[in-house]
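Listed below are the residues making up each chain.
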Amino acid sequence: MEVGGPLPVELWQLILSYLRLPDLGRCSLVCRAWYELILSLDKTRWRQLCLGCLEHRHPNWPNKPGVEPWSWREAFKQHYLASKTWTKNTQDLESSNCFSLFRRRKGRRQLCVGAGGEFGSLRAAQAAASPYDRLVLLPGVHEEQGEVLLKVPVEVVGQGKLGDVALLASIDQHCPTAHLCNMVFMPARFTSVLYKTTSGYVQFDNCNFENGQLQIHAPGTCQVKFCTFSQSSIHLRSVALCVLENCEFTGSENASVTVEGCPSSDHNWACKHLAVLAKSCAASTREPDPAGCPVAKQDGWGESLLGPVRTCEIVVGEEQSSFLSAVGGQALLGSAQEDIEFGENLRAAKEEEYPALDSDSSDSDLCSDDEEDAQAAYKLPYQAHSLSHTLADVTHSRLQSNRLLALQRDLKLKSLQQELQQDKEAQSLANSLQGCIIRQCLFRDGKGGIFIYSRGQAKLEGSIFRDLTYAVRCIQNSKVIMLRNDIHHCKASGIFLRLSAGGLIADNNIHSNCEAGVDIRKGANPLVLCNKIHSGLRSGIVVVGNGKGIIRSNQIYGNKEAGIYILYNGNPAVSGNHIFQGLAAGIAVNENGRGQITGNVICENQWGGADIRHGGDPILRNNLIACGYSDGVVVGEHGKGLIEGNAIYGNKGCGVWMMSSSLPHLINNQISHNSIYGVAVFCHKDDTGDYPPGQGGNESFQEEREGAGGENDPDSEEEYPSARHPISVALVELNSINHNGAAGLHIKSSEALNIIANVIHANRDGGVTVLQSSQLTRIADNSISCNSRGGVLVEAECQVELRGNGIYENSSHGIVSKGEGVIAENDIIGNHRCGLQLLQTADMKVTKNRIQSFRDYGIALFDEAKGLVQENVIFQGRSKKSILQTMSNAEDCIIQNNVLLTFKKRFDMECMLINPPARPHIEGGAPRSCTAAGGQRVSSITSRVDGGWHNPGSIFCTIL
């Protein structure tokens, strides 16, 4: 009979929808056309069979009962096969010849228990049952006065709907297998244990458990599906493998599921069947649907920070914002346009007179047109110094844009599938099947979800944990694998690992918890991959008390405190994460915390992108720290760390903000387009106990404080990079500091400081401003050029050594000093005003410099300035101005052996910066060694933004 012949397909479907399951199977074997016709009944007959079975509920219960499965037939097949697992024990017996004479008969008896049944109690029926008989409990309440011992394999089923049969009993299983279905279990008067087994396999389908406990001890095992636990729990001890699927746990007074002990090597007969079942039902490790991603579209967080800005929508709560807000995007576009036109503007600015830094300057005449035309003839060829390649990059916005694009491409968030392909350890953990397997379960409104201890192991997939005290607690060398779970609104931390716990936490949605989303401490060392951790009332991830871990490719956003908080010798590896829109710092490293923080995108946080203080000593390398509402990097009181190779861009505060009592090593960073200073160093009061909001002054870490001393911990230096060289003076070297809204470097310090081999270019105030320096500030081998005001300003009573710098084409004086120290072996060329100006009570030793100013004096000395000016080479401009000396105490200032040169031929000028070549000189690409010693710390208090910058739109935030 052909389908589509005399009868239409719709009529065939209607006829076949009345068939029972065995008949559907037979019809599917007739031919391919009939097979396809049977498959077409998915949303009708197969759905009816799936929902009408006593052992089953909706396939997506309890988490998504309103969402249909992709195939009702496939869901029914999986549930049907799972419900028959308990009978597979007979296959093992029949496979042996010696048991062939004792095969059970095909027909199973059905024994009815209850009013109107054959037996009055479960105990009596069980005593009369043969193996694999079916015991049917009739509707009503069945109470057993003593413990019921199951000695033969049986199936116990409640008749009617779930709830019609209640069993008040304590059952102890002594047989290889058993199946219980469609009943409400309640504890007997003499014990809270509802069911226990120490050797056999038990299967529960569609049952309710109230106010009691299931106990499964190895080598026993279990499978629990479509069950509800109300104020009830499961305790698993050394179980090799068990499966909990589609269950609901509510109102627990302790943990809903407790996993104790290492999975036993003594497997019973059911383990191999459970392993096959677990693999067949495992959710595939696939990338999330972009349409369902609540955080960011898959095309990244924007095409370019400089080019045409394409923003991605980020949903936090009910509001939508963008990675680059409208204001921020316009600002960055404006910065790009300014970069493109910077050279033209700078040349145009040369035609205007910039205000002098001091009103006592004696030369404020405007240059004539002839002098402007002739300026090129006197311009020295200084562009070929050792940092010229870096300078070329920062002066070409297209190159800078390309670099940011490349950085963005390298820092693109990886999917879980990509991570598992690259990390074999993570792949092995994701595929492991040991201990307790928990899938598609709901844990709500209780104290705890899962408690794993004493080398226990559990795997959690696709479950929901909400409104608990904690979701998962894993301690004492235990291991937890968590994939695609939803954990939210916990009263404490969502996931808590301690005492050398480990495992894999991947692709979970962890949000709105009262404490940290993930809490790692006491030597715990998990893999935390590809999670969304957001909207927490405290930090996203906390690593405390020698905690470790690999934290990679996560989206961490919208948390009230730091996105990642590391303290008390916490030492994680943090890489490839996107940390954004936090209400405090992006990453905070405090109280001797460490960590390797590499390759992250840290953006749009309210406080510093990275905040390091109180002995924090991380490696902060190759991160993009951008578009923050405060500073890019904050190194607070006694902060340390290696800050290397980062792009610190477009923050509304400073690029890097340091306390003078800190000892960071700031090397090879791109610090640009920040609204205030590029790098700022301030004094700080030493005895305050205040924290900026969100940095956790009230965190409860007392036991970590007591045990955090590195000298008492033999593992405290484990995995700490040996390449780190301790420094005794804060060091800023080999950085590109450009296009910032105020000075490139702003220094108000009570400690020694070394500034070596940086490119300080095109900042909208001076290049380097030293307002306070009670100990020596060493400024050596830097290129300081094209800044909107002077190259270097040194205020009174400051101690400075300027050596080997190239100070070129700044819009005012090259160097202005009112302090004391040494200015030696610098090239001070092409600045719009004086090359060098000494004012007030300056006391400087000025030797062996090459100085040129086209419009003004090469060296000008005013007021009571004193010192030594000798062996300098001064290139005279058309004005023939060389040295101006208007002082009342000329005897205190020695001016001798200086060379004044005027050239008429450009060839002669080019030769003058060949031997030695234009400064700075950096041999082998490395700066000169720094030997300045650190001094005594001075307690003082300084405003977050010094009075030198009075922009009313700036951020004024005082860190106490």
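Residues numbered from 1 in each chain as written. Predicted model: local features only at pLDDT ≥ 70, side-chain atom pairs only at ≥ 80, totals over all residues. Heavy atoms only, no water.

Per an unreviewed UniProt entry, the recorded name for the protein is F-box only protein 10, and the organism is Nipponia nippon. A UniProt comment under Pathway (unreviewed entry) is attached to the protein, and it reads "Protein modification; protein ubiquitination." (UniProt positions renumbered as here; feature names shortened; annotations may be inferred.)

To continue, consider the overall build of the protein. For the protein, the helix and strand inventory stands at 17 helices and 75 strands. In the protein, which comprises 960 residues, the share counted as buried stands at 58%. Counted over contacts in the protein with a minimum sequence separation of 6, partners at least 24 positions apart contribute 54%. Summed over its atoms, the accessible surface of the protein is roughly 38,100 Å², and 50% of this surface lies on carbon and sulfur atoms. (Helix = DSSP H or I, 4+ residues; strand = E, 2+ residues; numbered from the N terminus. Buried < 20%, exposed > 50% of the residue type's maximum accessible area, 1.4 Å probe, protein only. Contact = heavy atoms within 4.5 Å. Areas by Shrake-Rupley, 256 points an atom, 1.4 Å probe, with all protein chains shown as cover.)

Every α-helical turn comprises 3.6 residues, leaving residues that sit three or four positions apart pointing alike. Burial in helix α8 (residues 271-281) covers these residues: C271, H273, L274, L277 and A278. One side of α8 carries all its buried residues, which in axial view fall inside an arc of 155 degrees. Within α8, the exposed residues directed more than 90 degrees away from the buried face are K272, V276 and K279. (Arc of directions from axis to C-beta.)

Burial within strand β29 (residues 502-506) is extensive, with five of its five residues counted as buried. Taking every second residue as pointing to the same face, both faces of β29 are buried, with G502, L504 and A506 on one and G503 and I505 on the other. When strand β26 (residues 479-483) meets β29, the two strands line up parallel, connected through five bridges. Looking at β29, one finds that K479 is bridged to G502. Examined bridge by bridge, β29 and strand β32 (residues 525-529) share five bridges and lie parallel to one another. Bridging from a neighbouring strand, A506 pairs with L529 of β32. (Pairing = 2+ DSSP bridges.)

The next subject is the confidence of the model for the protein. Overall, the predicted model of the protein reaches an average pLDDT of 80, with 74% of residues at or above 70. Here residues 92-105 is a poorly scored stretch, pLDDT under 50, and it has nine contacts once near neighbours within four places are set aside; other chains count. Low pLDDT (under 50) marks residues 685-699, which in the prediction has 35 contacts with non-local residues, meaning those over four places away or in another chain. (pLDDT = per-residue confidence, 0-100.)

What follows concerns a negative patch on the surface. A contiguous patch of negative charge on the surface is contributed by E797, E820, D843, E891 and D892. Residue position: D843 is located in strand β68 (residues 843-847). Assessed through its relative accessible area of 32%, D843 is described here as partly exposed. (Patch = residues over 30% accessible without salt bridge, like charges linked within 9 Å, V, L, I, M, F, W, Y side chains within 5 Å. Salt bridge = Lys/Arg side-chain N within 4 Å of Asp/Glu carboxyl O. Lys, Arg positive; Asp, Glu negative; His and termini not counted. Charge placed at Lys NZ, Arg CZ, Asp CG, Glu CD.)

Tallying each qualifying case throughout the model produces 16 aromatic pairs. Measuring from ring centre to ring centre gives 6.1 Å for W46 and F76, while their planes differ by 45 degrees; the resulting arrangement is tilted. One end of the pair, W46, is in helix α4 (residues 42-51); the other, F76, is in helix α5 (residues 72-83), and 30 residues separate them in sequence. Note on F76: relative accessible area 7%, which makes it buried. Note on F185 and F204: the rings are 5.9 Å apart at their centroids and 85 degrees apart in plane angle, and the pair reads as edge-to-face. Within this pair, whereas F185 is found in strand β9 (residues 184-186), its partner F204 is found in strand β11 (residues 201-205), the two being separated by 19 residues in sequence. By way of ring pairs, the aromatic residues F185, Y195, F204, F209, F229, F249, F443 and F465 are connected into one cluster. One residue, R73, lies across the ring of W46, its end atom 5.8 Å from the ring centre. (Phe/Tyr/Trp six-rings, centres within 6.5 Å; stacked < 30°, edge-to-face > 60°. Lys NZ or Arg CZ within 6 Å of the ring centre and 35° of its normal.)

As for its position among the elements, D205 is in strand β11. In this structure D205 is buried but unpaired, with K225 as the nearest side chain of opposite charge at 6.1 Å. Side-chain polar atoms of D205 contact the side chain of H179, separated by 2.8 Å. Those residues in contact with D205, other than ones at most four positions away along the chain, are E55, S83, H179, L180, C181, N182, K225 and C227. (Polar contact = N/O pair within 3.5 Å; in protein donor to acceptor, adjacent residues only side chain to side chain.)

Moving on: the pattern of salt bridges. All chains considered together, the criterion is met by 30 salt bridges. Two residues, R108 and E155, come together in a salt bridge whose shortest N-O distance is 3.3 Å. Here R108, found in the loop between α6 (89-94) and β1 (110-113), pairs with E155, found in strand β5 (residues 154-158); they are 47 residues apart in sequence, far enough to count as distant. Owing to a relative accessible area of 4%, E155 belongs among the buried residues under this scheme. A salt bridge links E461 to R439, with the shortest nitrogen-to-oxygen separation between them at 2.8 Å. Here the residue E461 occupies a position in strand β24 (residues 457-461), and R439 occupies one in strand β22 (residues 435-439), the gap between them amounting to 22 residues. The pair E461 / R439 is uniform in exposure class, with both members buried.

A surface patch of nonpolar side chains, amounting to about 410 Å² of accessible area, comprises L11, L14, I15 and Y18. Turning to its location among the elements, L14 is positioned in helix α1 (residues 9-16). Of the residues examined, L14 reaches a relative accessible area of 46% and is grouped as partly exposed.

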